[in-house]
Amino acid sequence: MEILVELDKVSKSYEEKAAVRDLSLKIEAGSMFGLLGPNGAGKTSTIRMMIGITRPDAGKVSLFGKPFGDGALRRVGYLPEERGLYKRMKVIDQLVFLAELRGLGALEAKRRATQWCERLQMADAMDKKTEELSKGMQQKIQFISTLLHDPELIIMDEPFSGLDPVNAVLLQDTLLELKKQGNAVLFSTHRMDQVEKLCDQICLIDRGAAVLAGGMREVKSRYERNRVIIQFEGDDGFLQHAAIAESKSYAGHAEIKLKPHADAQDLLRTAAATATITRFELVEPSLEEIFIETVGGRSDA
Amino acid sequence: MLSGMLRNTLLIAKREYIERIKSRVFRITTLLVPLGMGGLAVLGSFSGRKMEGVQYLAIVSSNHELAEEVKAALMEGEMPPKGVEVYAPASEADLAQLKSEVAEHQIGGYLTLETVAGEARPKVTWVSGSSINFVSKAQMEAAVSSALIREQLAAKGVPDSQMNQLMQDTKLKTMQVKNGGVVSSDSEKSFLGAYILIIVLYASVLIYGINIARSVVEEKTSRIFEVLLSTTSADSLMLGKLLGVGATGLTQMGIWAALLVFYAGSALAAGQGIHGLASLGITKAELGYFGIFFLLGFFLYSGLAAALGSSVSGETEVQQFSFILISPLVVSVVLLPFVLGNPNSTTAVVLSLLPPFTPIIMYMRICSQMPPLWQIALSIALLAGSVWGMVWLAARIYRVGVLMYGKRATLPEMLRWLRYS
């Protein structure tokens, strides 16, 4: 797979504060990459260096296999975290202007803008002024403006914040489709459920440094399947089993965290002996739990 | 095929231009400024007509010949009254009658000429119902003086024909050395062009300078500039903005200029002694320099406005620096009388070479006494260079602004950030 972005030991600091430290990552074509981290971890700083808004103090950034250059920007679509549009411009004029800046001809820009507006169910907003639209609608306009020039690399900083579920799914599906077509999508977010569903690769950064990186499957497989969900009828005495680190018990439903390397099968046997088991599931930890464990553990230290 | 940067610059200029032309502010100022100017012109011609001498008056004297001479002088003067009655000699009843006529505003007033024994000049008094305006005062003083001289000359036996020749007003013809030749000049008109430049530059810097600063601030507060910066360079953005706003300004000036040409050829202007643009004392060469200095001055100040706009965080702060923006213009205007008096002094030369003052001071020098060509060329080069420098600086500050949130950056902070970006 072609590597679209490569950061090699990149560092950047503002004033006395290190925003990014020694960060390395690669984003491949046709993948969805999740850049995760708590607020202020350095996600936006990292993205800004990727697209040349700021320059790294140390390390190397390459876009499409070359050091950063102006021409490369036409192959990138960037949706910043803080959205901005010209408020008094008509939606269609605005979309055409932004697409022209990225190298499209006026006619082609207009054709694509109309197409996209129809696709995202907002054709009737095209002739309105931007300031007349709701926040969610404005966000969709900005989403479209990021994609009009069919960028190979799509960078989205918190793309779904502030959207209702229907529109969030609409945009998610659009991104998945673009990924299937071979575009690379970089997400920055702290919404773990979305990342878990959408991303193939992740990089978790905390205080400017990568603390966890790799393929989603691979990262998850590093963590034990040590969560157990049991649904049962009868005695809950099995909750005293030696393998259990902690447990929450509701009526006929227990959520259990096992001790490291504990034998789940032995727990099942014990439970089955005293109660009727209707569900016994060994679950891998969610990305959210991994996130809290990794980041929370560090900040406690 | 246009290069990417140039293409983007033009795209941005186009957007800025179209959005501004469509805006309400543009329509309002395009209409209001000429209306205001026209109103001033009408007001000027109206108040000019109001300046007139006394319409009806009486002359009271014991010397009948002198009274008749004064009457004749008044009637031949620049603003002859409609009626002059002579009471010479006047009775007590005449005086009482005159006083009541003044009181009832039937006459503007009466002039008494009392001859004093042994004195060549009579004692002259003007009695009226209101305080005298300077036009009437000058009118009467001139009439009395000329009558006295005529009387003295007549007493010395000078014939009437010779007397009229002697009494003619002196007409001063003014000439000026301009572009190597001596041409007739009108001291007021030759600076009219410079004054127009000052007003036009002042107005457009105030309107469009503030406008450009606002639009920069708007892009910053709406954060759209992060999208723009991820697409094109800050230099293209700033340059495009300046070109777009400049084109808007030129469009507006064009409309105004067309109106001015129309006005100069109109009946209203003819009534004020203006026939066509040439009688405003503006030559073609001056018009060319006007264009150059206006454009460069406009771009320099717009660049400064853009830089200031980039360094603040909110709309309200724009108001605070509008003074910083126009203060070099104010200083130029204050220095103007000095430059007019000494157009070739070292101070004037140095001032005209300093870019912020160049547009007004150098143009004024060109209008009053053509400076050496190398000075003009140097001042234009320096001005153009500083426009470029200002755009460069504004672009840097704009770029750094991505990193600013909420608060205004101090100068040292900005300098540090310039290094980071």
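To be clear, the structure that these remarks concern was listed above.
Presented here is an overview of the structure given in this document. Not measured: the values here are computed from a predicted model. (Residues numbered from 1 in each chain as written. Chains lettered and ligands numbered in written order. Predicted model: local features only at pLDDT ≥ 70, side-chain atom pairs only at ≥ 80, totals over all residues. Heavy atoms only, no water.)

Some words on the overall build of chain B
- Secondary structure summary: chain B contains 16 helices and 6 strands in total.
- Of all 421 residues assigned to chain B, the portion counted as buried reaches 45%.
- Sequence-distant contacts in chain B: of pairs separated by 6 or more residues, those separated by 24 or more amount to 73%.
- Accessible surface, chain B as shown: approximately 21,400 Å² in total, 65% of it carbon and sulfur. (Helix = DSSP H or I, 4+ residues; strand = E, 2+ residues; numbered from the N terminus. Buried < 20%, exposed > 50% of the residue type's maximum accessible area, 1.4 Å probe, protein only. Contact = heavy atoms within 4.5 Å. Areas by Shrake-Rupley, 256 points an atom, 1.4 Å probe, with all protein chains shown as cover.)

Some words on the layout of surface pockets
- The computed volume of the second largest pocket comes to approximately 850 Å³.
- Around the second largest pocket, the lining comprises 27 residues; the ones closest to its centre are Arg88 of chain A together with Glu19, Arg20, Ser23 and Glu218 of chain B.
- Secondary-structure elements contributing two or more residues to the lining of the second largest pocket are helix H1 (4–21), helix H2 (24–50) and helix H7 (192–221) of chain B.
- Broken down by element, the lining of the second largest pocket gets its largest block of residues, 9 residues, from H7 of chain B.
- When grouped by side-chain class, the residues that make up the lining of the second largest pocket number 8 nonpolar, 5 polar and 14 charged. (1 Å grid on protein atoms, 1.4 Å probe; cavity = no way out; pocket = protein on both sides within 12 Å on 5 of 7 lines; lining within 4 Å. Points joined across faces, edges and corners; volume = space filled by probe spheres on them. Nonpolar A, V, L, I, M, F, W, Y, C, P; charged D, E, K, R; others polar.)

Regarding a positive patch on the surface
- Together, Lys129 of chain A together with Lys22, Arg24 and Arg27 of chain B make up a region of like positive charge exposed at the surface.
- Here Lys22 of chain B is to be found in the loop between H1 and H2. (Patch = residues over 30% accessible without salt bridge, like charges linked within 9 Å, V, L, I, M, F, W, Y side chains within 5 Å. Salt bridge = Lys/Arg side-chain N within 4 Å of Asp/Glu carboxyl O. Lys, Arg positive; Asp, Glu negative; His and termini not counted. Charge placed at Lys NZ, Arg CZ, Asp CG, Glu CD.)

Description of the interface of chain A and chain B
- Contact residues are listed per partner, giving 34 residues for chain A and 30 residues for chain B.
- Here chain A packs against chain B, burying approximately 3,000 Å² in sum over the two surfaces, 52% of which is carbon and sulfur.
- When the area that chain A buries against chain B is broken down by residue, the three leading residues are Ile53, Tyr86 and Leu101 of chain A, summing to 22%.
- Connecting chain A to chain B are 2 salt bridges.
- Between Glu218 of chain B and Arg88 of chain A there is a salt bridge whose closest N-O contact spans 3.3 Å.
- Viewed at the interface, chain B and chain A are joined by 6 residue pairs in polar contact (both at pLDDT 80 or more). (Buried area = accessible area lost by both parts, 1.4 Å probe. Polar contact = N/O pair within 3.5 Å; in protein donor to acceptor, adjacent residues only side chain to side chain.)

What to know about the sheet that holds strand S4 (residues 123–128) of chain B
Residue and element names in this part refer to chain B.
- Strand order in the open sheet formed by 4 strands is S2-S1-S3-S4, with mixed pairing between adjacent strands. The sheet is open, and its two borders are formed by strand S2 (83–87) and S4, each paired with just one other strand. Taking the axes of each pair of neighbouring strands and ignoring which way they run, one obtains an average angle of 20 degrees across the sheet.
- As paired strands, strand S3 (residues 109–114) and S4 are joined by 6 bridges and run antiparallel to one another. Its bridge partner being in S4, Gly109 is matched across the sheet by Ser128.
- On the sheet, helix H4 (residues 92–103) packs against strand S1 (56–61), S2, S3 and S4 and is oriented at approximately 145 degrees with respect to S3. (Pairing = 2+ DSSP bridges. Axes fitted to C-alpha atoms, helices over the stretch in contact; angles between N-to-C directions.)

So, the packing of helix H11 (residues 284–311) of chain B against helix H14 (residues 358–368) of chain B
Residue and element names in this part refer to chain B.
- One can describe the packing of H11 onto H14 by two numbers: an axis separation of 9 Å at closest approach and a directional angle of 170 degrees. In this view, H11 runs roughly antiparallel relative to H14, as classed from their interaxial angle. Across the interface between the two elements, Glu286, Tyr289, Phe290, Phe293 and Gly297 from H11 touch Thr358, Pro359, Met362, Tyr363, Ile366 and Cys367 from H14.
- The residue makeup of the contact of H11 with H14, split by class, is 8 nonpolar, 2 polar and 1 charged. (Parallel < 35°, antiparallel > 145°, perpendicular 65-115°, else oblique.)

Considering empty space enclosed by the protein
Residue and element names in this part refer to chain A.
- Tallied over the full model, the rule gives 1 cavity of 30 Å³ or more.
- Within this model, the largest cavity holds a volume of roughly 30 Å³.
- Glu158, Pro159, Phe160, Ser161, Thr189, Arg191 and Gln194 together form the lining of the largest cavity.
- Partitioning the lining of the largest cavity into residue classes produces 2 nonpolar, 3 polar and 2 charged.

Structural notes on the pattern of salt bridges
All names here are of chain A.
- Going through the model one piece at a time under the given rule, you end up with 22 salt bridges over all chains.
- In this structure, Asp127 and Lys90 form a salt bridge, with 3.9 Å as the shortest nitrogen-oxygen distance. Residue Asp127 is found in the loop between helix H3 (106–119) and helix H4 (135–147), and its partner Lys90 is found in the loop between strand S6 (76–79) and helix H2 (91–101); the two are separated by 37 residues along the sequence.
- By relative accessible area, which is 58% here, Asp127 ends up exposed.
- Note on Lys90: relative accessible area 31%, which makes it partly exposed.
- Across the pair Arg217 and Glu284 runs a salt bridge whose closest N-O atoms are separated by 3.2 Å. Taken together, the positions of Arg217 in helix H7 (residues 216–221) and Glu284 in the loop between strand S14 (275–283) and helix H9 (287–300) put the pair 67 residues apart, joining distant regions of the chain.

Some remarks on the packing of aromatic side chains
- This structure, assessed with the given rule, holds 9 aromatic pairs over all chains.
- Here the aromatic rings of Phe298 of chain B and Phe299 of chain B are separated by 6.1 Å at their centres, their planes lie at 55 degrees, and the arrangement is tilted. Both residues of the pair, Phe298 of chain B and Phe299 of chain B, count as buried.
- Linked through ring pairs, Tyr208, Phe294, Phe298 and Phe299 of chain B together constitute an aromatic cluster.
- Between Arg15 of chain B and the ring centre of Tyr86 of chain A, over which it is positioned, the NZ or CZ distance is 3.4 Å.
- Lying across the ring of Phe97 of chain A, Arg15 of chain B places its NZ or CZ 5.5 Å from the centre. (Phe/Tyr/Trp six-rings, centres within 6.5 Å; stacked < 30°, edge-to-face > 60°. Lys NZ or Arg CZ within 6 Å of the ring centre and 35° of its normal.)

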